[in-house]
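So you can see what is in the structure, the chains are spelled out below.
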Amino acid sequence: MSILATGVTKNFGAYTALDDVSIEIPGGSLTALLGPSGSGKSTLLRVIAGLETPDVGRVEIDGTDVTGVRPQDRGVGFVFQHYAAFKHMTVRGNVGFGLSVRRRPRAKIRERVDELLALVQLEGLGDRYPSQLSGGQRQRMALARALAVEPSVLLLDEPFGALDARVRAELRRWLRRLHEQVHVTTVLVTHDQEEAMEVADRIAVMDHARLQQVGTPKELYEEPTNPFVMGFVGAVNRLGESFVRPHDLELRQVPNGVTHAARVERVTHLGFEVRVELEQESGGALMAQLTRNEAEELGISEGDTVHVAPRRERVFAGGDGI
């Protein structure tokens, strides 16, 4: 089921949450809405779900205008960051709740719940209560509950935001595998660039209530359309009017006529990767990303002076800052 939002504007009093946003989400894709807090990504998700009504614009799901359709009639499943499970119900009861409300036969509910518990790797935990599950298990239960009614669209609003880094990383990989199995059109809201890059087929970057760029993770990283996207999707340095990724910053022991002098402030070894924090003589911090072999060949230490130059750089029209 494809999703099409056209010219969507949403105001809350004097505050504009969405400003003429148009986006097409292909059926069967996993698309991330990525942006800082207040960029409008969660509001856009809520408009798609029907939890907010746009002041201007329309929303279509699979070619049907659903702008005025109630949330429960849109065929969407929704998972929030803080999932409000029914504490008095078991995992099995929570997952099957939507089916019970729809008065499905008990045998069919039991069969569907068993199928979903296996899908989200909660077999054997159906008789537990939410309080007896870990955070990651509760979110998997939440996803199973959203999938129980076989939605045409699955909407996830920062579902892993309240979990620790290790569990978030595990659930990202699990969500990717789950999507490959169920192929439900999925929209994931996140402010975590790594999460969006790892999980999504496509990423829509938002800022100040507007859509900045939509593309694959590779396209956004390598071909950003403006300084904001380049700075938000991955680390970046400024060298004059140029924007340079840390791994595209070359470090040399001696100048060659095009390099800039910089002082090594900190060297951090992260396994195969070595990060070097620098301070330019002309002012301004830089970050270089080296392999372990490159760092060993340079032999640099904190306090050394090195000479830097970009291997690859981007210059944007107008030279706007990030």
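About the cut-offs
- Here the residue numbering is sequential within each chain, running from 1 through the sequence in written order.
- Residue-level local features of this predicted model are given only where pLDDT is at least 70; pairs of side-chain atoms are given and counted only at 80 or more, and the full residue set underlies all totals for whole chains, interfaces and linings.
- Each side-chain value is derived from all of the structure's non-hydrogen atoms; neither hydrogens nor water enter the calculation.
- For the purposes of this entry, the term helix denotes a DSSP run of H or I that reaches at least four residues, the term strand denotes a run of E that reaches at least two, and both are numbered from the N terminus.
- Remark: exposure states derive from per-residue accessible area (1.4 Å probe, protein chains only) relative to the maximum for the residue type, with buried under 20%, exposed over 50%, and partly exposed in between.
- For the accessible areas, the method is Shrake-Rupley and the probe is 1.4 Å, while residue cover comes only from the protein chains on display.
- Counting rule for charge: Lys and Arg are taken as positive, Asp and Glu as negative, and neither His nor the chain ends is counted.
- A charge is said to be at NZ when it belongs to Lys, at CZ for Arg, at CG for Asp and at CD for Glu.
- The set of buried Ala, Val, Leu, Ile, Met, Phe, Trp, Tyr and Cys residues whose side-chain atoms join them within 4.5 Å is what this entry labels a nonpolar core.
- In what follows, a contact means two residues having at least one pair of non-hydrogen atoms within 4.5 Å.
- Whether two strands pair depends on DSSP finding at least two bridges between them.
- Here an angle of 0 to 180 degrees is reported between the N-to-C directions of two axes, which are lines fitted to C-alpha atoms, with helices fitted over the stretch in contact.
- In these notes the angle categories are as follows: under 35 degrees is roughly parallel, over 145 is roughly antiparallel, 65 to 115 is roughly perpendicular, and the rest is oblique.
- Note: crossing handedness is left-handed where the near helix turns anticlockwise from the far helix by less than a right angle, and right-handed where it turns clockwise.
- Gly is placed with the polar residues, together with every amino acid not listed as nonpolar (Ala, Val, Leu, Ile, Met, Phe, Trp, Tyr, Cys and Pro) or charged (Asp, Glu, Lys and Arg).
- What counts as a ring pair is set by centres within 6.5 Å for rings of Phe, Tyr and Trp (its six-membered ring), and what kind of pair is set by the plane angle: stacked under 30 degrees, edge-to-face over 60, tilted for all other angles.

Asker: I would appreciate a short explanation of the overall build of the protein chain in the present structure.
Answerer: A tally of helices and strands in the protein chain yields 10 helices and 17 strands. In terms of overall dimensions, the protein chain has a C-alpha envelope of 75 × 45 × 30 Å along the principal axes. For the protein chain, buried positions account for 47% of its 322 residues. For the protein chain, the exposed area adds up to about 15600 Å²; of that, 47% sits on carbon and sulfur atoms. Side-chain charges in the protein chain split into 38 positive and 44 negative, and the spacing between the mean points of these groups amounts to 10 Å.

Asker: Would you mind going over unusual backbone geometry with me for this structure?
Answerer: Working note: non-glycine residues mostly have negative phi, and peptide bonds are mostly trans. Although it is not a glycine, Arg103 adopts a positive phi angle of roughly 55 degrees. Residue placement: Arg103 occurs in the loop between helix H3 (97-101) and helix H4 (106-119).

Asker: Help me understand the nonpolar core, please; the structure alone is not making it clear to me.
Answerer: Grouped burial of nonpolar side chains is what soluble globular proteins tend to show. Of all hydrophobic cores here, the largest spans 44 residues; its most connected members are Val95, Ile203 and Val205. With seven residues, helix H5 (residues 135-148) is the single largest residue contributor to this core. With near-sequence residues (within four places) excluded, Val205 lies in contact with Leu34, Arg210, Leu211, Gln212, Gln213, Leu220, Phe228, Val229 and Val233. Among the nonpolar cores identified, the runner-up in size contains 24 residues, and Val59, Ile61, Val76 and Met206 belong to it.

Asker: Looking at this structure, I do not really get the pairing of strand S4 (residues 56-61). What am I missing?
Answerer: When a strand is regular, its side chains alternate between the sheet's two faces. When strand S1 (residues 3-12) meets S4, the two strands line up antiparallel, connected through five bridges. Within S4, the position partnered with Leu4 by the bridge is Glu60. Connecting S4 to the next strand, strand S5 (residues 64-65), in antiparallel fashion are two residues, including Asp62 with a positive phi near 55 degrees.

Asker: Teacher, can you tell me more about the packing of H4 against H5 here?
Answerer: To characterise two packed helices, one gives the angle between the axes of the helices and the distance between these axes. Relative orientation of the contacting elements H4 and H5 amounts to 140 degrees, with a least axis distance of 10 Å. Regarding the angle of H4 to H5, the classification is oblique. Considering how the two elements wind past one another, H4 and H5 form a crossing that is right-handed. Contacts from Arg112, Leu116 and Leu119 of H4 reach H5 at Ala144, Leu147 and Ala148.

Asker: Please explain the packing of H5 against helix H6 (residues 165-182) as it appears in this structure.
Answerer: Interhelical geometry of H5 versus H6 gives an angle of 25 degrees and a closest axis separation of 10 Å. What the angle tells us is that H5 and H6 run roughly parallel. In this structure, H5 meets H6 at a crossing whose hand is right-handed. Residues Gly136, Gln139, Arg140, Leu143 and Leu147 of H5 pack against Val167, Leu171, Trp174 and Leu178 of H6. Split into classes, the residues belonging to the contact of H5 with H6 amount to six nonpolar, two polar and one charged.

Asker: What exactly am I supposed to notice about the environment of Phe80 here?
Answerer: Assignment of secondary structure puts Phe80 in the loop between strand S6 (76-79) and helix H2 (91-95). A relative accessible area of 32% means that Phe80 is categorised as partly exposed. Apart from residues no more than four positions distant in its own chain, Phe80 is found in contact with Arg46, Leu51, Gln139, Asp157 and Pro159.

Asker: Would you mind going over the packing of aromatic side chains with me for this structure?
Answerer: In this description, an aromatic ring pair is defined by two values, namely the gap between the centres and the angle between the planes. Counting across every chain of the model gives three aromatic pairs. Ring geometry for Phe86 and Phe97: centres 4.7 Å apart, planes at 50 degrees, overall tilted. Taken together, the positions of Phe86 in the loop between S6 and H2 and Phe97 in helix H3 put the pair 11 residues apart, joining distant regions of the chain. Relative accessible area serves as the criterion here: at 26%, Phe86 is assigned to the partly exposed category.

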